[in-house]
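Residue strings, one per chain:
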Amino acid sequence: MKGSILDTIGSPLVQVDSPEGATIATKIESFNPGGSAKDRPAREMIRAAEREGRIEPGDWLVEPTSGNTGIGLALVAAARDYDLTIVMPADKSEERRRVMAAYGAELELVEGDMEDARARANELEAEGAIQLGQFENPANPEAHYKTTGEEILEQVGDREIDAFVAGVGTGGTISGTGRRLREEFPDMEIIAVEPARNAVLSTGESGSDNFQGMGPGFVSDNLDLDLIDRVETVKLEDAEDECRRLARDEGVLVGQSSGATSLVSQRIAREIAEPDLDCPTVTGAFDDSAAAPEPDGGRVDDCPLVVTVFWDSGERYLSTGLFD
Ligand SMILES: Cc1ncc(COP(=O)(O)O)c(C=O)c1O
């Protein structure tokens, strides 16, 4: 039995359809109690602030967020007894607002983008709220270093990881997870994914689109650019097509940023595939055998392995018409 809902944070690593001669495996982060990867930094930022004596239960917290961090913080704030105000752009999905409200958080919607939400959060800070600052707070990447990265290492067992693919919002996931994985696999490639129409890393210019969670329009302090070998872009409509394919063909229900990292993972896997190797395909759903599959043309360990992250569930996007 777990002592708290906060002790249930963690997710499985699951193989998805992969090109011949390679394996793609992804962290299905919707398994976290708040339904996304953001439960990890939410818990770590509050834990670190308590440890440093910056906050204590009963305090008023504020955070600008496009959604999932707000839900993660609302969950942790409820479990640890904090008041929380979330400031978010008004165009983000309805489901996210309702979930935060269900956890008891106050919501403030602002017209505009994340920059406008940040400006409003700064005003509330001046009125006495304490901001955790997911874009600057080192506890955000640290959460992924200590949990996402560590879990992946345990879950791949003896296999070597050739590439890690992740989308970029605050940069917490790619920087923390990437740093931990690189310690074990120094030659592993790290590939960042960003929206094609808001490609700050690729072009130096911000743009605008409706990608939720990815492409904040600026380079976050928490993004460790030195770790990144390559940046790939994905159009929103292609990412959404991929979400529909993942749901209908694979039974994997995820949101836009996951669709984007799925497409880039396939690109990378095709590049590094060794088609002569008979790599394992996704096993049957009713395969009870505990034994790892042994392909004919080589050992599983030899198959090039791409690891990625699917941040949240497609259920969080139903009202956007994504699956209609
Ligand atoms: C749906 C979704 N995808 C991707 C990301 C990007 O993660 P990170 O902020 O760790 O870069 C986020 C972050 O909020 C998100 O909510």
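Thresholds applied
- Residues numbered from 1 in each chain as written.
- Predicted model: local features only at pLDDT ≥ 70, side-chain atom pairs only at ≥ 80, totals over all residues.
- Heavy atoms only, no water.
- Helix = DSSP H or I, 4+ residues; strand = E, 2+ residues; numbered from the N terminus.
- Buried < 20%, exposed > 50% of the residue type's maximum accessible area, 1.4 Å probe, protein only.
- Contact = heavy atoms within 4.5 Å.
- Areas by Shrake-Rupley, 256 points an atom, 1.4 Å probe, with all protein chains shown as cover.
- Lys, Arg positive; Asp, Glu negative; His and termini not counted.
- Charge placed at Lys NZ, Arg CZ, Asp CG, Glu CD.
- UniProt positions renumbered as here; feature names shortened; annotations may be inferred.
- Expected span 1.5 Å × (residues − 1).
- Arc of directions from axis to C-beta.
- Axes fitted to C-alpha atoms, helices over the stretch in contact; angles between N-to-C directions.
- Parallel < 35°, antiparallel > 145°, perpendicular 65-115°, else oblique.
- Left-handed = near helix turned anticlockwise from the far one by under 90°.
- Nonpolar A, V, L, I, M, F, W, Y, C, P; charged D, E, K, R; others polar.
- Phe/Tyr/Trp six-rings, centres within 6.5 Å; stacked < 30°, edge-to-face > 60°.
- Disulfide = S-S within 2.5 Å.
- Near = heavy atom within 4 Å.
- Polar contact = N/O pair within 3.5 Å; in protein donor to acceptor, adjacent residues only side chain to side chain.
- Patch = residues over 30% accessible without salt bridge, like charges linked within 9 Å, V, L, I, M, F, W, Y side chains within 5 Å.
- Salt bridge = Lys/Arg side-chain N within 4 Å of Asp/Glu carboxyl O.

## What to know about the overall build of the protein chain
Move 1: Secondary structure summary: the protein chain contains nine helices and ten strands in total.
Move 2: Across the 324 residues that make up the protein chain, the buried fraction comes to 55%.
Move 3: Considering only intrachain contacts with a sequence separation of at least 6, the fraction spanning at least 24 residues in the protein chain is 72%.
Move 4: Taken as a whole, the protein chain presents about 13900 Å² of accessible surface, with 44% of it coming from carbon and sulfur.
Move 5: Side chains of the protein chain carry 30 positive and 65 negative charges; the gap between the two charge centres is 2 Å.

## A short note on the UniProt feature "coiled-coil region" (unreviewed entry) in the protein chain
Move 1: With numbering matched to this structure, UniProt assigns "coiled-coil region" (unreviewed entry) to residues 100–127.
Move 2: Taken end to end, residues 100–127 comprises 57% helix and 18% strand; its first and last C-alpha atoms sit 22 Å apart.

## Considerations on helix α4 (residues 114–126)
Move 1: Helix length check: α4 (13 residues) gives 18 Å between terminal C-alpha atoms against 18 Å at 1.5 Å per residue, within 8%.
Move 2: Those residues of α4 lying buried are Met114, Ala117, Ala121 and Leu124. Down the axis of α4, the buried set is contained in an arc of 70°. They therefore lie on one face.
Move 3: Buried residues in α4 make contact with β3 (60–64), β4 (83–89), β5 (106–110) and β6 (130–131).
Move 4: Just downstream of α4 lies Gly128, where phi reads positive at about 120°.

## So, the packing of helix α5 (residues 139–156) against helix α6 (residues 172–184)
Move 1: At their nearest, the axes of α5 and α6 sit 7 Å apart, and the two run at 50° to each other. Taken as axis vectors, α5 and α6 run oblique relative to one another. Here α5 runs over α6; the crossing is right-handed. On the side of α5, the interface is formed by Asn140, Pro141, Glu142, His144, Tyr145, Thr148, Gly149, Glu150, Ile152 and Leu153, while α6 contributes Gly172, Thr173, Ser175, Gly176, Thr177, Arg179, Arg180, Leu181, Glu183 and Glu184.
Move 2: The class makeup of the residues in the contact of α5 with α6 is five nonpolar, nine polar and six charged.

## Let's talk about the packing of aromatic side chains
Move 1: Here the structure, examined in full by the defined rule, presents one aromatic pair.
Move 2: Note on Phe135 and Phe218: the rings are 5.1 Å apart at their centroids and 55° apart in plane angle, and the pair reads as tilted. Placement of Phe135 in the loop between β6 and α5 and of Phe218 in the loop between α7 (200–203) and β9 (230–234) is noted, with a sequence separation of 83 residues between them. Comparing Phe135 with Phe218, the two get one shared label, buried.

## Some thoughts on the state of the cysteines
Move 1: Counting across every chain of the model gives one disulfide.
Move 2: Residue pairing for Cys279: its cysteine sulfur links by disulfide to Cys303, the two sulfurs lying 2.1 Å apart. The disulfide joining Cys279 to Cys303 has a torsion of about -110° about its S-S bond and is therefore left-handed. Separated by 24 residues along the polypeptide, Cys279 in the loop between α9 (256–272) and β10 (305–310) and Cys303 in the loop between α9 and β10 bring together distant segments of the chain. Accessibility classification places Cys279 together with Cys303 in one group, the buried group.

## Some remarks on the site of the ligand
Move 1: Taken together, 14 residues lie around the ligand, and Lys38, Gly169, Thr170, Thr173 and Ser257 are the ones closest in.
Move 2: Gly171 is positioned with one of its backbone polar atoms (N or O) 2.8 Å from an oxygen atom of the ligand.
Move 3: Calculation on the ligand without its partners gives an accessible area of 390 Å², and the protein chains cover 98% of this total.
Move 4: For the shell around the ligand, a count of residues per class yields three nonpolar, nine polar and two charged.

## Thoughts on a negative patch on the surface
Move 1: Together, Asp91, Glu111, Asp113 and Asp116 make up a negatively charged patch on the protein surface.
Move 2: Of note, Glu111 is situated in the loop between β5 and α4.

## Remarks on the environment of Pro275
Move 1: Of note, Pro275 is situated in the loop between α9 and β10.
Move 2: The exposure class assigned to Pro275 is exposed, which follows from its relative accessible area of 52%.
Move 3: The sequence separation of Pro275 and Glu20 amounts to 255 residues, and the corresponding C-alpha distance is 5.4 Å.
Move 4: Look past the residues within four positions of Pro275 in its chain and what remains in contact with it is Glu20 and Gly21.

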